[in-house]
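This is what each chain is made of:
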Amino acid sequence: MNKDEKAILLVTCYGHFVSHFNMLVFPAVLIPLADQFGMSIAETLSLSFWMYLLFGFSALPWGLAGDRFGTKALLMLYHTGAGLCGLLAFFSLANPLLFSLALSGLGLFSGIYHPVGLGWIARDIRNTSIGMAYNGMFGNLGLAAAPLLAGLVNLFFGVAAVYFVVAMVNLSGIFFLLGTARQRRKETSPHNSTTVSARVPSHFFILLGATMLGGIVYRGTSVTLPAYFQLSNGELFQDLTLLFGGIGTENAVATVTTSMIYLLGMAGQYSGGKVGEHFDLRRGYLFFHCITIPAAIAMALTTNIPLIIFAVIHSFFLLGMQPIENTLVSRLAPPWLMSSAYGLKFVLTFGVGALGVKIIEIIEKNYGFPAVYLSLASVSSLVVACIILLIVRTRSREMTEL
């Protein structure tokens with residue numbers, strides 16, 4: 001990559017880190033928050049509904065704004081608005097309604113990143129799969145850092161301090177932006193014009209169907225995994241506390257375990273980028289999603305060490321497919337509306353995924369966490385069906401980075 005491309009990745013990678021950090025802090029402290037508010041897990045989970053909904057459904061208008069006003073202005077708004085909402089959450093731990101409002105604002109401003117940041121990468125970085133892979137790895141780092149930092153801060157300073165950290169992490173992004181040059185506006189795509197045809201809209205909407213269902217699986221996993229570990233790994237917790245002389249809590253063990261899994265997911269992101277660079281994007285996309293189905297079923301049927309092993313496999317492939325998916329968007333979307341195309345994608349991925357939180361809430365309340373993962377395996381099967389249809393409809397086209 002040249003100097004300009006590296007500068008783009010510096011800003012976008014930190015933005016990606018922060019966006020996922022913002023969304024994964026809440027599930028890491030779900031049980032401590034339930035204790036703080038004196039509410040059930042399901043009731044506390046419902047406080048996050050609007051955060052996840054706005055994180056997804058605001059993506060399209062933010063993408064349109066990004067195409068109209070430019071990347072840098074939108075990313076500045078992102079870091080400033082999300083930082084202020086983190087401070088509001090810090091001051092509202094005595095009021096569940098105000099806390100939910102702060103989370104909603106956090107989701108709204110965090111929704112800026114994906115359409116704007118990924119649109120920038122798709123427009124201005126020539127090797128899109130590798131750019132998306134590096135960017136995805138930092139998103140994974142945010143996934144990993146959120147439960148780790150949230151668990152440790154909660155352990156030593158209490159749950160309110162967790163959202164003070166959220167505020168500072170977001171506001172720090174302003175300094176990265178201040179050190180960058182004005183965004184270069186490109187009117188043409190860096191990719192060959194043969195990647196766009198009259199049939200692109202139908203192909204793109206098939207891909208959107210897959211991303212929408214994949215968003216339900218992603219969000220369902222991310223909001224439940226720390227609590228599922230905490231409730232299902234009792235024997236492992238007892239062994240670890242015995243090993244370390246009784247230091248730590250069940251929540252700390254669960255959040256650290258979740259962080260380690262997301263860190264390993266960074267290897268999945270890099271692998272996905274390499275697969276997209278050297279092989280057909282569609283078939284790589286299919287392979288990665290196929291592996292998540294048996295892994296999710298196994299997660300529903302196991303506990304302790306086996307559960308963690310299958311969770312690692314599930315997260316590796318669920319997160320590893322993202323660079324492939326995002327590169328497919330850049331191949332099937334009109335290049336002059338790249339931010340808007342990513343906005344539409346993330347409306348479905350994160351917006352409908354947020355609706356999945358309500359479904360997960362109902363399933364967990366009535367049938368327990370194992371049933372949640374069996375349901376997610378079923379949704380992944382529908383994703384695979386969409387990808388097969390995409391392959392059939394685009395079989396005459398070559399779709400690799402080479």
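Residues numbered from 1 in each chain as written. Predicted model: local features only at pLDDT ≥ 70, side-chain atom pairs only at ≥ 80, totals over all residues. Heavy atoms only, no water.

**Student:** Explanation requested: the overall build of the protein chain in the structure shown.
**Tutor:** Counting secondary structure elements, the protein chain contains 18 helices and zero strands. Buried residues in the protein chain amount to 63% of all 402 residues. The contacts of the protein chain with a sequence gap of at least 6 include a subset with a gap of at least 24, amounting to 87%. For the protein chain, the exposed area adds up to about 15,300 Å²; of that, 70% sits on carbon and sulfur atoms. (Helix = DSSP H or I, 4+ residues; strand = E, 2+ residues; numbered from the N terminus. Buried < 20%, exposed > 50% of the residue type's maximum accessible area, 1.4 Å probe, protein only. Contact = heavy atoms within 4.5 Å. Areas by Shrake-Rupley, 256 points an atom, 1.4 Å probe, with all protein chains shown as cover.)

**Student:** Which parts of the structure should I look at to understand a nonpolar patch on the surface?
**Tutor:** A contiguous nonpolar patch, built from L152, L155, F156 and F157 and spanning about 450 Å² of accessible area, is present on the exposed surface. With respect to the helices and strands, the residue F157 is situated in helix α9 (residues 128-157). (Patch = residues over 30% accessible without salt bridge, like charges linked within 9 Å, V, L, I, M, F, W, Y side chains within 5 Å. Salt bridge = Lys/Arg side-chain N within 4 Å of Asp/Glu carboxyl O.)

**Student:** So what exactly am I meant to see when it comes to the nonpolar core here?
**Tutor:** Burial of nonpolar side chains together is a common tendency in soluble globular proteins. F26, F99 and Y163 are the most contacted members of the largest nonpolar core, which totals 121 residues. For this core, the leading source of residues is helix α11 (residues 200-232), giving 14 residues. Setting aside residues up to four positions removed in sequence, F99 forms contacts with F26, L33, F37, L47, A89, S92, L93 and Y163. (Core = buried A, V, L, I, M, F, W, Y, C linked by side-chain atoms within 4.5 Å.)

**Student:** I keep staring at the confidence of the model for the protein chain and nothing clicks. Help me out?
**Tutor:** Should the pLDDT be low somewhere, the predicted coordinates at that spot are not to be read in detail. Confidence along the protein chain averages 84 in pLDDT terms, with 88% of residues attaining 70 or more. Ignoring residues within four places in sequence, the model shows residues 184-200, a span with pLDDT below 50, making 34 contacts including any to other chains. (pLDDT = per-residue confidence, 0-100.)

**Student:** Explain the packing of aromatic side chains to me, please; I cannot follow it from the model alone.
**Tutor:** In this description, a pair of aromatic rings is defined by centroid distance and the angle of the planes. Counted according to the given criterion, the structure contains 17 aromatic pairs. Note on F49 and W50: the rings are 5.4 Å apart at their centroids and 75° apart in plane angle, and the pair reads as edge-to-face. A relative accessible area of 46% places W50 in the partly exposed class. Each ring, one from Y228 and one from Y373, has its centre 5.0 Å from the other, and the planes form 20°; the classification is stacked. On the criterion of sequence distance, the pair formed by Y228 in helix α11 and Y373 in helix α18 (residues 369-393) is long-range, its members being 145 residues apart. Each member of the pair, Y228 as well as Y373, carries the same accessibility label: buried. Joined through ring pairs, the aromatic side chains of Y14, F17, F21 and F176 make up one cluster. (Phe/Tyr/Trp six-rings, centres within 6.5 Å; stacked < 30°, edge-to-face > 60°.)

**Student:** I tried to follow the environment of G107 on my own but got confused; where do I start?
**Tutor:** Here G107 lies in helix α7 (residues 96-110). The exposure class of G107 is buried, given its relative accessible area of 0%. In sequence terms G107 and C85 are 22 residues apart; their C-alpha atoms lie 9.2 Å from each other. Not counting chain neighbours up to four residues away, the residues in contact with G107 comprise M23, M51, L54, F55 and S58.

**Student:** I tried to follow empty space enclosed by the protein on my own but got confused; where do I start?
**Tutor:** If a probe as big as a water molecule is rolled over the atoms, it shows which places are left empty. This model, assessed by the stated rule, comprises four cavities of 30 Å³ or more. Of the pockets and cavities examined, the largest cavity occupies roughly 160 Å³. Lining the largest cavity we find 18 residues, and of these Q322, N326, K345, F346 and F350 sit closest to its centre. Looking at the lining of the largest cavity, the elements with two or more residues in it are α1 (3-28), α8 (113-124), α9, α11, α16 (322-332) and α17 (338-367). Per-class residue counts for the lining of the largest cavity are six nonpolar, 10 polar and two charged. (1 Å grid on protein atoms, 1.4 Å probe; cavity = no way out; pocket = protein on both sides within 12 Å on 5 of 7 lines; lining within 4 Å. Points joined across faces, edges and corners; volume = space filled by probe spheres on them. Nonpolar A, V, L, I, M, F, W, Y, C, P; charged D, E, K, R; others polar.)

**Student:** I'm lost on the environment of L307 in this one. Help?
**Tutor:** Structurally, the position occupied by L307 is in helix α15 (residues 304-320). Here the alpha-carbon distance between L307 and A295, two residues 12 residues apart in the chain, equals 9.5 Å.

**Student:** I tried to follow the packing of helix α6 (residues 71-90) against α7 on my own but got confused; where do I start?
**Tutor:** Angle between the axes and distance between the axes are the two parameters that describe a pair of packed helices. The interhelical angle for the contact between α6 and α7, taken along N-to-C directions, is 165°, at an axis separation of 8 Å. Compared by their axis directions, α6 and α7 come out roughly antiparallel. In the packing of α6 onto α7, the handedness of the crossing is left-handed. Two secondary-structure elements touch here, α6 through L77, Y78, G81, A82, C85, L88 and A89 and α7 through L98, F99, A102, G105, L106, F109 and S110. Looking at side-chain class alone, the contact of α6 with α7 contains 11 nonpolar, three polar and no charged residues. (Axes fitted to C-alpha atoms, helices over the stretch in contact; angles between N-to-C directions. Parallel < 35°, antiparallel > 145°, perpendicular 65-115°, else oblique. Left-handed = near helix turned anticlockwise from the far one by under 90°.)

**Student:** Got a minute to help me understand the environment of A59 in this structure?
**Tutor:** Relative to the elements of secondary structure, A59 occurs in helix α5 (residues 59-69). Taking the C-alpha atoms as reference, A59 lies 4.4 Å from G343; in sequence the two are 284 residues apart. Apart from residues no more than four positions distant in its own chain, A59 is found in contact with G111, P115, G343, F346 and V347.

**Student:** So what exactly am I meant to see when it comes to α9 here?
**Tutor:** In an α-helix there are 3.6 residues to a turn, and that puts residues three or four apart on one side. Between the first and last C-alpha of α9 there are 42 Å, a value that for 30 residues agrees with the 44 Å anticipated at 1.5 Å per step. At A145, α9 shows its maximal kink, close to 25°; a proline, P147, follows between one and four residues later. α9 sits mainly inside the fold: 21 of its 30 residues count as buried. Phi turns positive one or two residues past the end of α9, at G158, with a value near 100°. (Expected span 1.5 Å × (residues − 1). Bend = angle between axes of the 7 residues up to and from the residue.)

**Student:** When you look at unusual backbone geometry in this model, what are you seeing that I'm missing?
**Tutor:** Glycine aside, negative phi is the norm for most residues, and most peptide bonds take the trans geometry. If you check the backbone angles, N304 has positive phi at about 55° while not being a glycine. Take N304: it is sitting in helix α15.

**Student:** Would you mind showing me how to read the side chain of T257 here?
**Tutor:** Within the fold, T257 resides in helix α13 (residues 250-278). The contact partners of T257, leaving out residues within four places of it in the chain, are F229 and I308.

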